[in-house]
Amino acid sequence: MTTDTNMKSPEAAAVPPSGPAPVSKRVPRGHKRLLTRRDRITLGFMAGVPTILHVALVWVTALASIALAFTSWDGIGFGSIKWVGLDNFRQLFTDNPQFWPAVEHNIIWFVVLILIPTPFGLFLAVQLDKNIRFSRVYQTAFFLPVVVSLAVTGFVWQLVYNPDTGLINSLIGANKPGHYIDWIGDPKLNLWAVLIAASWRHTGYMMILYLAGLKGVDPSLREASSLDGANEWQTFKNVIFPTLRPTNTVVLVVTIIEALRAFDLVFVFNKGAQGTELLSILITNNIIGESSRIGYGSAIAVVLLVISLAVIIPYLISTFRKERSA
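Residues numbered from 1 in each chain as written. Predicted model: local features only at pLDDT ≥ 70, side-chain atom pairs only at ≥ 80, totals over all residues. Heavy atoms only, no water.

1. Details of a nonpolar patch on the surface
Consideration 1: Side chains of F45, M46, V49, L53, V55, L57, V58, W59 and V60 sit close together on the surface and give an oily, nonpolar patch of about 890 Å² of accessible area.
Consideration 2: Here V58 shows up in helix 2 (residues 37-68).
Consideration 3: Residue classification places V58 among the partly exposed positions, given a relative accessible area of 40%. (Patch = residues over 30% accessible without salt bridge, like charges linked within 9 Å, V, L, I, M, F, W, Y side chains within 5 Å. Areas by Shrake-Rupley, 256 points an atom, 1.4 Å probe, with all protein chains shown as cover. Salt bridge = Lys/Arg side-chain N within 4 Å of Asp/Glu carboxyl O. Helix = DSSP H or I, 4+ residues; strand = E, 2+ residues; numbered from the N terminus. Buried < 20%, exposed > 50% of the residue type's maximum accessible area, 1.4 Å probe, protein only.)

Rendered as structure tokens:
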């Protein structure tokens, strides 16, 4: 048999043919816009309007309150604004008989919320985390007070505390003439009555926060603890609760904020009179009360702002440091 002369060896096939290399034609790519003009206008409107409202209603009003805290103004015409320096704060700290009781009540509000509804919310979250029957129903029932408006909650508890037809007085037999217990009008009782209503709502809030934290716990930690012979309480105390440190931080900050901004329940009950004074009530009474003292009310608002920032800023600094280290 003869060998075909047209067959090439592999070495010869690997050698590229002589001559100029073919030039690949680059297809020009046009700039394709992902958003049309109409899309950009719509996006700008959707992002711009909330931003403008946020700046106008939050930042501008906050800065205006800080500036007005150093002035005297009755709210009638900008020409009546007078610069008084620190007189509003000096009068607030020394001559206002309601200021320090209001601060004390805000502190009591925080202590009660952190000691009663917060542990109870943790207890409910631990029980619901066991995937018991009808857990969804229980979660909805306990969280329902958080969804309901605080004003509505106040009206409901007003019916409960009614001295004549209220539930509590009817149960203890204090709804008869001469035996009435005025839960809202008695200065020795009304603050604690409001705190019970606030705790009823705060429990559901804490339950949801802790339940979310418990869902993020690694199941292997529970298994390792059970293998070591720890019982349920030891597992929770030594294994589960330490892993809830981020949740505990959030709970602490939320509780402090709730205690400082408490307003709705007290205002619905008795407008902050007769032993239920709060800083938020004092601000409202001085700014939109019968004798409007916007500068003085703004000074109280600045004090409340400083207290809030003293809590929030360290929390944000700690959070940012953890994120950077991670």
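Further notes follow.
2. Some details on the environment of T243
Consideration 1: Looking at the secondary structure, you find T243 in helix 11 (residues 232-243).
Consideration 2: Considering only alpha carbons, one finds T243 and G216, 27 residues apart in sequence, at a separation of 9.1 Å.
Consideration 3: The residues contacting T243, other than those within four sequence positions of it, are V217 and L221.
Consideration 4: A polar side-chain atom of T243 sits 2.4 Å from the main-chain carbonyl oxygen of I240. (Contact = heavy atoms within 4.5 Å. Polar contact = N/O pair within 3.5 Å; in protein donor to acceptor, adjacent residues only side chain to side chain.)

3. Looking at the side chain of H105
Consideration 1: Relative to the elements of secondary structure, H105 occurs in helix 4 (residues 99-115).
Consideration 2: In contact with H105, not counting residues within four places along its chain, are L191, G275, T276, E277 and L278.

4. Side note on the pattern of salt bridges
Consideration 1: Within this structure, the stated rule accounts for six salt bridges.
Consideration 2: With a shortest N-O distance of 3.4 Å, K215 and D129 are connected by a salt bridge. Within this pair, whereas K215 is found in helix 9 (residues 190-215), its partner D129 is found in the loop between helix 5 (117-128) and helix 6 (135-147), the two being separated by 86 residues in sequence.
Consideration 3: Judged by its relative accessible area of 15%, D129 is buried.

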